[in-house]
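For reference, the chains in residue letters:
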Amino acid sequence: VIHDITQLRQLNSMRRDFVSNLSHELRTPVSVIRANSETLLESALEDKKQAKVFAKAILHNSERLSEMVSDLIDLSRIEHGELTLHIEKVNLQESIDQVMDSLKYLGKKRNITIKCCCPNRSQYVFADKKALERILTNLIDNAIKYTKDNTVIKIETKTRLKNENTLVKITDQGMGIPEEDKSVIFDR
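Worth saying up front: this structure is predicted, and the values here are computed from it rather than measured.

Rules used throughout
- Residues numbered from 1 in each chain as written.
- Predicted model: local features only at pLDDT ≥ 70, side-chain atom pairs only at ≥ 80, totals over all residues.
- Heavy atoms only, no water.
- Helix = DSSP H or I, 4+ residues; strand = E, 2+ residues; numbered from the N terminus.
- Buried < 20%, exposed > 50% of the residue type's maximum accessible area, 1.4 Å probe, protein only.
- Contact = heavy atoms within 4.5 Å.
- Areas by Shrake-Rupley, 256 points an atom, 1.4 Å probe, with all protein chains shown as cover.
- Lys, Arg positive; Asp, Glu negative; His and termini not counted.
- Charge placed at Lys NZ, Arg CZ, Asp CG, Glu CD.
- Phe/Tyr/Trp six-rings, centres within 6.5 Å; stacked < 30°, edge-to-face > 60°.
- pLDDT = per-residue confidence, 0-100.
- Core = buried A, V, L, I, M, F, W, Y, C linked by side-chain atoms within 4.5 Å.
- Disulfide = S-S within 2.5 Å.
- Patch = residues over 30% accessible without salt bridge, like charges linked within 9 Å, V, L, I, M, F, W, Y side chains within 5 Å.
- Salt bridge = Lys/Arg side-chain N within 4 Å of Asp/Glu carboxyl O.

### Some details on the overall build of the protein
On a plain count of helices and strands, the protein comes out with 5 helices and 5 strands. Start at the N end of the protein and walk to the C end: the helices and strands fall as α-α-β-α-β-β-α-β-β-α. Principal-axis analysis of the C-alpha atoms gives the protein an extent of 70 × 45 × 40 Å. With 188 residues in all, the protein has 30% of them scored as buried. Long-range pairs, those at least 24 residues apart, make up 75% of the contacts in the protein between residues at least 6 apart in sequence. Looking at the protein as shown, the accessible area adds up to about 13000 Å², and 54% of this sits on carbon and sulfur atoms. Taking the average place of the 30 positive charges on the side chains of the protein and the average place of its 28 negative ones, the gap between the two points comes to 4 Å.

### Brief notes about the packing of aromatic side chains
In the structure shown here, the tally under the stated rule is 1 aromatic pair. Ring geometry for Phe 54 against Tyr 105: centres 4.4 Å apart, planes inclined by 40°, an arrangement best described as tilted. Residue Phe 54 is found in helix α2 (residues 48-79), and its partner Tyr 105 is found in the loop between α3 (92-103) and β2 (113-117); the two are separated by 51 residues along the sequence. Residues Phe 54 and Tyr 105 agree in their burial class; the two are buried.

### Things to note about the side chain of Gln 123
With respect to the helices and strands, Gln 123 occurs in the loop between β2 and β3 (124-128). Under the relative-accessibility criterion, Gln 123 is labelled buried at 6%. Among all residues touching Gln 123, those that are not within four sequence positions of it are Val 90, Asn 91, Leu 92, Gln 93, Thr 157, Thr 159 and Thr 166.

### Re the confidence of the model for the protein
Model confidence for the protein is summarised by a mean pLDDT of 84, while 94% of its residues fall at 70 or above. At the level of individual helices and strands, the protein shows its lowest average pLDDT in α2, which scores 79, and its highest in strand β1 (residues 87-91), which scores 95.

### Notes on the side chain of Thr 28
By the element assignment, Thr 28 lies in helix α1 (residues 6-44). Those residues in contact with Thr 28, other than ones at most four positions away along the chain, are Arg 64, Leu 103, Thr 137 and Asp 141.

### Side note on the nonpolar core
Within the largest apolar cluster, 19 residues are counted, with the highest numbers of intra-cluster contacts made by Ile 96, Leu 103, Ile 114, Leu 132 and Ile 140. Taken together, the elements giving at least two residues each to this core come down to α3, β3, α4 (129-146) and β4 (152-160). Beyond its immediate chain neighbours, meaning those up to four positions away, Ile 96 contacts Cys 116, Cys 118, Leu 136, Ile 155 and Thr 157. Counting 7 residues, the second-largest nonpolar core is a separate cluster that includes Leu 40, Ala 44, Ala 51 and Tyr 105.

### Some thoughts on the state of the cysteines
Inspection of every chain in the model, using the stated rule, returns 1 disulfide. Here Cys 117 is not disulfide-linked; the sulfur of Cys 116 is the nearest cysteine sulfur, at 6.7 Å. Cys 117 gets classed as partly exposed once you look at its relative accessible area, which sits at 28%.

### Some words on a nonpolar patch on the surface
A cluster of nonpolar side chains, Leu 85, Ile 87 and Phe 126, forms an exposed patch at the surface whose accessible area comes to about 380 Å². Exposure remark for Leu 85: the relative accessible area of 59% places this residue in the exposed category.

Below is the structure:
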């Protein structure tokens, strides 16, 4: 008797990758919630304006955690080919601002500033809002982790008129990716 286990191996590989990706993504919101909570407890409770900013970041990241838990449910949808993106018109600047607000305090201890150089504040893109914010969060979080102290992380947007695509560029002062690793950058 011969059994083709190719699909079973692919599903197991997909499950391992998903759990690995989820574990990686859980670290950021947990770190943000912790950093903002510590700052609130240390000093920001007296300043109502600052306390509100920290509380919003905590709320936003706890919502992201809830979404990630929901992503666990999506694993079965992926396995059955039923996962769909919810493409809608999204204000790109609002998404960038929300992610910046939730992450800017991670770099505070190392004097890292996140700056947005986006000329069009009312620029809309068609995207899955949650996926877009997840991508931005990963890129900015990695920029914070790997950049030098006392530097600026710059976010830029540019619309390419030829094909009406929008480029989002995130630049840091980190060491970069070694040449030998660039070929496997998107591998787990």
